[in-house]
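Working through the structure, step by step
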Amino acid sequence: DKDMFLNRILKIIFFTAIALQMPMAIADESYVIDGILDDEKVLKIESEISKLPNNKTIEFRNCCGMKSKNIRLLNGLVNLFDSMKLNTAVKGVCARECALLFMLGTNRTLLKPDAGKATIVVLHPLLSDDNEFLVDESKRIFGLIAKRSGGEIPVSFFDQLFVS
């Protein structure tokens, strides 16, 4: 009776341990970023992504960039995406800073949109709070995107985004 009881307890512990580990066992589950990126959301994303080494795909859903023009926070995300060599995906609209982060993906995927909607990426240089081009910051990120693309997207393409 004691052996049977101990055996049942060990089985319960074993299955509980397996159940608690299940979410982390999915190797390429997407981390979803939805909506406008405010400063709090950016800090949360940085913290959560860096703790999930098995999570290799970041999915943007209807993300139209950052609420503030906090270049320091954006650069933190850019560096994280670049160093972790994350895959990226888009469903719905992806604009401004979101589009730059999407383009930094090792593998970039446009996902099938919901019925009656479209999946689009709107790429343009970074803008200041006064809607002036942030040329140096934009060119740095464009250079990373060009490098990540392995020559598929030349730097000259990004140069055409600036009107002079």
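Look above for the structure.
The following refers to the structure shown. (Residues numbered from 1 in each chain as written. Predicted model: local features only at pLDDT ≥ 70, side-chain atom pairs only at ≥ 80, totals over all residues. Heavy atoms only, no water.)

Structural notes on the pattern of salt bridges
- The full count for this structure, using the stated rule, is six salt bridges.
- A salt bridge links Glu48 to Lys44, with the nearest nitrogen and oxygen atoms 4.0 Å apart. Within this pair, Glu48 and its partner Lys44 are both found in helix α2 (residues 39-50), separated by four residues, close to a single helical turn.
- Of the residues examined, Glu48 reaches a relative accessible area of 26% and is grouped as partly exposed.
- Where Arg96 meets Glu97, a salt bridge forms, and the shortest distance between an N and an O atom there is 3.5 Å.
- Judged by its relative accessible area of 27%, Arg96 is partly exposed. (Salt bridge = Lys/Arg side-chain N within 4 Å of Asp/Glu carboxyl O. Helix = DSSP H or I, 4+ residues; strand = E, 2+ residues; numbered from the N terminus. Buried < 20%, exposed > 50% of the residue type's maximum accessible area, 1.4 Å probe, protein only.)

Some words on the packing of α2 against helix α3 (residues 71-84)
- Closest axis-to-axis distance for the α2/α3 pair is 10 Å, and the angle between their directions is 20 degrees. Accordingly, the angle class assigned to the pair α2 and α3 is roughly parallel. α2 and α3 meet at a crossing whose hand is left-handed. Residues Asp39, Val42, Leu43, Ile45, Glu46, Ile49 and Ser50 of α2 touch α3, and the partners they reach there are Leu73, Gly76, Leu77, Leu80, Phe81 and Met84.
- Looking at the contact of α2 with α3 residue by residue, the classes come out as nine nonpolar, two polar and two charged. (Axes fitted to C-alpha atoms, helices over the stretch in contact; angles between N-to-C directions. Parallel < 35°, antiparallel > 145°, perpendicular 65-115°, else oblique. Left-handed = near helix turned anticlockwise from the far one by under 90°. Contact = heavy atoms within 4.5 Å. Nonpolar A, V, L, I, M, F, W, Y, C, P; charged D, E, K, R; others polar.)

Side note on the packing of α3 against helix α5 (residues 135-148)
- Where α3 contacts α5, the axes come no closer than 12 Å and their chain directions differ by 10 degrees. On the basis of the axis angle, α3 is roughly parallel to α5. Contact residues: α3 offers Ile71, Leu74, Asn75, Val78, Asn79, Phe81 and Asp82, while α5 offers Glu137, Arg140, Ile141, Leu144 and Arg148.
- Looking at the contact of α3 with α5, its residues break down into six nonpolar, two polar and four charged.

A short note on the state of the cysteines
- Per the stated rule, a full pass over the model turns up one disulfide.
- Free cysteine Cys64: the closest other cysteine sulfur is in Cys63, separated by 6.9 Å.
- Classification of Cys64 by relative accessible area gives partly exposed; the value is 33%. (Disulfide = S-S within 2.5 Å.)

Some remarks on the environment of Cys94
- Here Cys94 shows up in strand β3 (residues 87-95).
- The spacing of Cys94 and Asn62 is 32 residues in sequence and 5.8 Å in space, taken between C-alpha atoms.
- Sequence-distant contacts of Cys94, defined by excluding residues within four places in its chain, comprise Phe60, Cys63, Ala99, Phe102, Ile120, Val121 and Val122.

In short, the description is geometric, and any link to function would need to be established separately.
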